[in-house]
Amino acid sequence: MTDPQTIAALTRRIENLEAANAVRNVQMRYMFLCDTPLPEYGVKDDAERIDRIMELFAEEAVWEGVGEYYDGQFGRAEGKAAVRKHFEGFWGGKQDPALILNCHYVTSEQIHVAEDGQTATGQWVHMQPWLFSDGKALLRSSRLFNAFRKCEDGAWRYTRNRTENVFVAPLPATWASDYPSKSVLMKP
């Protein structure tokens, strides 16, 4: 079991597992940072939230909503500056009604690491309840088909974040009665 071919094959398998785990961590961190209230302790405002989200994107990244429901709602942002502008449009100012609760639940994971171990794609389905300050509530589900690359600093980042609507369903205004105004989960 110590011949060079076996060691090389085992090394590739370990690198593939590490790459898939790194991709998963990028995807889950993104979802975590998009939750409201933001569970990341110590983030003082949405500008800092956006800064942390942008750490997950490569310079050439594309963020896009596709399909009949998301084409017009989200559109396509090409390049890191345009992706930042997309998030600033979502979190950049006070909105009325305000989004007071949003949490991403993710499932159906499929991660495919390329042979060279430098790029990968991932697919997920997520559901997220939304609750607004005026009492309006909905449940949204989307499919994700994202692409990643291992950057020069060794970190994995998005090169594409693509989402397509599965459904949006209204929820009764009273579906959630007890929820925090801010998160202290990560407080030391």
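About the cut-offs
Residues numbered from 1 in each chain as written. Predicted model: local features only at pLDDT ≥ 70, side-chain atom pairs only at ≥ 80, totals over all residues. Heavy atoms only, no water. Phe/Tyr/Trp six-rings, centres within 6.5 Å; stacked < 30°, edge-to-face > 60°. Helix = DSSP H or I, 4+ residues; strand = E, 2+ residues; numbered from the N terminus. Buried < 20%, exposed > 50% of the residue type's maximum accessible area, 1.4 Å probe, protein only. UniProt positions renumbered as here; feature names shortened; annotations may be inferred. Contact = heavy atoms within 4.5 Å. Polar contact = N/O pair within 3.5 Å; in protein donor to acceptor, adjacent residues only side chain to side chain. Core = buried A, V, L, I, M, F, W, Y, C linked by side-chain atoms within 4.5 Å.

Caption draft 1: Broad picture of the packing of aromatic side chains. One pass over the full model with this rule turns up 13 aromatic pairs. A ring pair is formed by phenylalanine 90 and tryptophan 130, whose centres lie 6.1 Å apart and whose planes are at 85°; its orientation type is edge-to-face. Residue phenylalanine 90 is found in helix α4 (residues 80–91), and its partner tryptophan 130 is found in strand β5 (residues 119–132); the two are separated by 40 residues along the sequence. The exposure class of phenylalanine 90 is partly exposed, given its relative accessible area of 27%. Members of the aromatic cluster, connected to one another through ring pairs, are Tyr30, Phe57, Trp63, Phe74, Phe87, Phe90, Trp91, Trp124, Trp130, Phe132, Phe148 and Tyr158.

Caption draft 2: Structural context of the UniProt feature "domain: SnoaL-like" (unreviewed entry) in the chain. With numbering matched to this structure, UniProt assigns "domain: SnoaL-like" (unreviewed entry) to residues 16–160. End C-alpha atoms of residues 16–160 are separated by 20 Å, and the span's content is 33% helix alongside 41% strand.

Caption draft 3: Summary view of the environment of arginine 84. Here arginine 84 is to be found in helix α4. For arginine 84, a relative accessible area of 28% gives the class partly exposed. A C-alpha to C-alpha distance of 9.6 Å links arginine 84 and tryptophan 63, two positions 21 residues apart in sequence. Arginine 84 has contacts with Ile50, Asp51 and Met54, leaving out every residue within four places of it along the chain.

Caption draft 4: Broad picture of helix α2 (residues 46–54). Among all positions in α2, only Glu48, Arg49, Ile50, Ile53 and Met54 are buried. For α2, the N-terminal cap is aspartate 45; the gap from its side-chain oxygen to the backbone nitrogen of alanine 47 is 3.2 Å.

Caption draft 5: Inspection of the nonpolar core at higher detail. Counting 29 residues, the largest nonpolar core has Tyr30, Ile53, Phe57 and Phe87 as the members making the most contacts within it. Looking at this core, the elements that each hand over two or more residues are α1 (4–34), α2, β1 (57–66), α4, β4 (105–113), β5, β6 (137–150) and β7 (156–171). The element best represented in this core is α1, accounting for eight residues. When neighbours within four sequence positions are excluded, phenylalanine 57 is seen to be in contact with Tyr30, Trp63, Lys80, Val83, Phe87, Arg157, Tyr158 and Asn161.

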